[in-house]
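# Per-entry structural report
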Amino acid sequence: MKRRIAVLDLGTNTFHLLIADTVNSRIDQQLIVEKRDAKLGEGGITNGFITEAAFKRGIEALRSFQSIINEYNPDEVHAVGTAALRNASNAADFIEQVKKETGIAIEIIDGGREAELIYKGVRRAIDLSESGLITDIGGGSVEFIFCDKHEVVHKKSYPIGAAKLMDLFHHSDPISESDILAIHQYLDEQLNDLKINAHIFKPQLLIGSAGAFETFVALAIDKFNEHSVSYDGTNFFFQNGQFHSVINDILKSTHAEREANEAIIPVRVDMIVVSAILTSYIVDELHIPEIAMSAYSLREGLLFDQIEA
């Protein structure tokens, strides 16, 4: 049966829209892939509140999406909200306003459901024949998913997203050793059980789910010539030394340098720094030998979830 489905992933920093024609349990054609830098968590994420400016940006982004949705006239529309809407005291007001102005009904999903949808997206982009750890760095939370090609063996969402880490610890330009140390100490406190589970499940591949990893890939492609990188738009595997070289460049960079770098999109100019610290911490502490990026994430996972139902 042919169905046209629109899915919306409403994250703390970025809102995503995907509209696709599907046949039975597969995608026949992707019609539209759009994103808006709504920055819903900006200015209020550590206080659990959507500020007036962020509220307006979010509404405007969804008005824009609704115009696109009307143009393509899908059979179904599914919208999910993650950490910013999970934790904001005025999330109900935002959801009500969105419904009133656009007709879009937003479902707030918990961290476990978010991790499940991310896995459904990533497994369509990456060969999970060896044990893996999917890492999805959002603005408000980070999802860690231990898995293989058959199933998720353990998943957990942690409130250590890039926007939150930036608000708490990124106070220097370029970031100072003391700020980096403070982040490491915070991660030591927050991720002790992750290290225990890594010892149990022994992941051999770290898979970054889109987001910040897309920027790491863009920087790697920019730095290393085309003969030493391979990216088909679906997945990317870092070769020896490439990942840590990119991370070191990010940590040494100033805000102005990152802002001038075309490989870094505006919403990630500052958050990419704490995302780099978090990712290198995971690789080093968990001793994961291989690193990859999946271009498929929650957005695609939500679509596959609907067509497989």
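Residues numbered from 1 in each chain as written. Predicted model: local features only at pLDDT ≥ 70, side-chain atom pairs only at ≥ 80, totals over all residues. Heavy atoms only, no water.

## What about the pairing of strand 11 (residues 290–294)?
- Among the five residues that make up strand 11, four are buried, leaving the element largely enclosed by the rest of the structure.
- Pairing of strand 9 (residues 205–209) with strand 11 involves five bridges; the strand directions are parallel. Across the sheet, S209 pairs through a bridge with S294, a residue of strand 11.
- Two elements, strand 10 (residues 235–237) and strand 11, share three bridges in a ladder whose sense is antiparallel. Note on strand 11: the bridge partner recorded for F236 is M293. (Buried < 20%, exposed > 50% of the residue type's maximum accessible area, 1.4 Å probe, protein only. Helix = DSSP H or I, 4+ residues; strand = E, 2+ residues; numbered from the N terminus. Pairing = 2+ DSSP bridges.)

## Describing the packing of helix 4 (residues 111–122) against helix 12 (residues 298–308)
- At a minimum axis separation of 7 Å, helix 4 and helix 12 run at an interaxial angle of 85 degrees. Comparing their axes, helix 12 and helix 4 come out roughly perpendicular. Touching R113, E114, E116, L117, I118, K120 and G121 of helix 4 are L298, E300, G301, L302, F304, D305 and E308, all from helix 12.
- Each residue belonging to the contact of helix 4 with helix 12 can be placed in one class, and the counts come to five nonpolar, two polar and seven charged. (Axes fitted to C-alpha atoms, helices over the stretch in contact; angles between N-to-C directions. Parallel < 35°, antiparallel > 145°, perpendicular 65-115°, else oblique. Contact = heavy atoms within 4.5 Å. Nonpolar A, V, L, I, M, F, W, Y, C, P; charged D, E, K, R; others polar.)

## Re the nonpolar core
- Core analysis: the largest hydrophobic core is formed by 53 residues, its most contacted members being F144, I160, L191, F216, L278 and I282.
- By residue number, the principal contributor to this core is helix 11 (residues 271–286), which donates eleven residues.
- In terms of nonpolar packing, the next biggest core, distinct from the first, is built from 28 residues, F15, A38, A61 and I95 among them. (Core = buried A, V, L, I, M, F, W, Y, C linked by side-chain atoms within 4.5 Å.)

## Things to note about the sheet that holds strand 7 (residues 142–147)
- On the basis of which strands lie adjacent, the open sheet formed by six strands has the order 8-7-6-9-11-10 and mixed pairing. In the strand order of this sheet, the two ends are held by strand 8 (152–158) and strand 10, each with one partner. Averaged over neighbouring strand pairs, the angle between their axes works out to 20 degrees when direction is ignored.
- With respect to the sheet, helix 8 (residues 212–223) is in contact with strand 6 (132–137), strand 9, strand 10 and strand 11, its orientation differing from that of strand 11 by roughly 110 degrees.

## With respect to the pattern of salt bridges
- One pass over the full model with this rule turns up 23 salt bridges.
- Residues R26 and D28 are paired through a salt bridge, measuring 3.8 Å at the closest nitrogen-oxygen approach.
- Taking the relative accessible area as the measure of exposure, R26 reaches 46% and is therefore partly exposed.
- The salt bridge involving E308 is made with R123; its shortest N-O contact spans 3.7 Å. Of this pair, E308 sits in helix 12 while R123 sits in the loop between helix 4 and strand 6; the two residues are 185 residues apart in sequence, bridging distant segments of the chain.
- By relative accessible area, which is 32% here, R123 ends up partly exposed.
- Each of R113, E116, K120 and D305 takes part in salt bridges that share partners, so that together they form one network. (Salt bridge = Lys/Arg side-chain N within 4 Å of Asp/Glu carboxyl O.)

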